[in-house]
Amino acid sequence: MKIAFVTLNAYDILTGGTGGTAGGAQLQQSLIARELVDRGHEVAFVEHDSELKTQNEVDGIRIHTKPKPTGNFLQRAVQATRGTFSTLKKITPDVCYFRVLDFEMFPVATYCKLNRARFVYGFSHDKEVTDEPNTLTGPIKGSRPYL
């Protein structure tokens, strides 16, 4: 089975680097990914591109990069959607794993729906599924740019 983790910033956790904004979510995903590789699955991570991201495979995990969106919200949304779709088309995953409540969830879920891939969302906090849920506070609401 092919599994794609759309993480966007787990590169340092995967490669042992020291920069970036990786934390517990990325560590958890890398541990799951390594176990899946050990069990014989093909695993890929989708990351935002950076001149520092030079490795394309670590411990059997393929690393695919896509351009980080720039511009206004609409431009970033279009770029994120195109970049996500084209990267996932190269990987052709059976399952896409996504963990962070942000805009990138929409193109990943849409890709899965259109391509009959499974979409797994790993909740990061119980407030995402309670009566008082966290809300998506990105460019849609105007508080923090997720793209």
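Above this note sits the structure.
Numbers given for residues are sequential positions, taken from 1 along each chain in its written order. Totals for whole chains, interfaces and linings use every residue, but because this is a predicted model, local features are given only for residues with pLDDT of at least 70 and side-chain atom pairs only at 80 or more, for both listing and counting. No hydrogens and no water enter the side-chain calculation; it runs on all heavy atoms of the structure.

Undergrad: Mind showing me how you'd approach the overall build of the chain here?
TA: In DSSP terms, a helix is any run of H or I states spanning at least four residues, a strand is any run of E spanning at least two, and both are numbered starting from the N terminus. Looking only at helices and strands, the chain has four helices and six strands in total. Beginning at the N terminus, the succession of helices and strands in the chain can be written as β-α-α-β-β-β-α-β-α-β. When a residue's accessible area, from a 1.4 Å probe over protein chains only, is under 20% of the maximum for its type it is buried; when over 50% it is exposed; and in between it is partly exposed. When each of the 147 residues of the chain is scored for burial, the buried share is 41%. For this analysis, residues touch if any pair of their heavy atoms sits within 4.5 Å. Long-range pairs, those at least 24 residues apart, make up 50% of the contacts in the chain with a sequence separation of at least 6.

Undergrad: Just to check I follow, could you spell out helix 2 (residues 24-38) for this structure?
TA: Along an α-helix, residues three or four apart share an orientation, since each turn contains 3.6 residues. Helix span, as expected, comes to 1.5 Å for every residue beyond the first. Compared with an ideal rise of 1.5 Å per residue, which puts 15 residues at 21 Å, helix 2 spans 21 Å between its outermost C-alpha atoms and is within 8% of the ideal. For helix 2, the set of buried residues is A25, Q26, Q29, S30, A33 and V37. Summarising the axial view, the buried residues of helix 2 lie within an arc of 130°, below the 170-degree limit, and thus occupy one face. The outward face of helix 2, more than 90 degrees from its buried face, is lined by the exposed residues G24, L31 and D38. Looking at the packing, one finds that the buried side of helix 2 touches strand 1 (2-8), helix 1 (11-15), strand 2 (42-48), strand 4 (61-66) and strand 5 (95-98). Downstream of helix 2 by one or two residues, G40 has phi in the positive range, about 95°. Think of it as the arc spanned by the lines of direction from the helix axis to the C-beta atoms.

Undergrad: Please explain the pattern of salt bridges as it appears in this structure.
TA: Once their charged atoms are close, side chains differing in charge can pair, the charge on each being opposite to the other. Whenever Lys or Arg places a side-chain nitrogen within 4 Å of a carboxyl oxygen from Asp or Glu, that contact is recorded as a salt bridge. Taken as a whole and assessed by the stated rule, the structure comprises five salt bridges. The partner of D59 in a salt bridge is R34, and the shortest N-O contact between them spans 2.9 Å. Taken together, the residues span a long stretch of sequence, with D59 in the loop between strand 3 (57-58) and strand 4 and R34 in helix 2 at a distance of 25 residues. Judged by relative accessible area, which is 52%, D59 ranks as exposed. For K53, the salt bridge is made with E47, and the minimal N-O distance between the two is 3.0 Å. Just as K53 is buried, E47 falls in that class too.

Undergrad: Explain the nonpolar core here, please?
TA: Within soluble globular proteins, side chains that are nonpolar tend to cluster in buried spots. For the purposes of this section, nonpolar cores are sets of buried Ala, Val, Leu, Ile, Met, Phe, Trp, Tyr and Cys residues that join through side-chain atoms within 4.5 Å. Counting 16 residues, the largest nonpolar core has V6, L88, I91, C96 and F98 as its most contacted members. Sorting the residues of this core by element identifies strand 1, strand 2, helix 3 (73-91), strand 5 and helix 4 (105-115) as the ones contributing at least two each. When residues of this core are assigned to their parent elements, the largest contribution, four residues, is made by helix 4. For I91, the residues in contact, after removing those within four places along its chain, are K2, A4, A44, V46 and H64.

Spatial relationships are all this shows, so hold off on functional conclusions.
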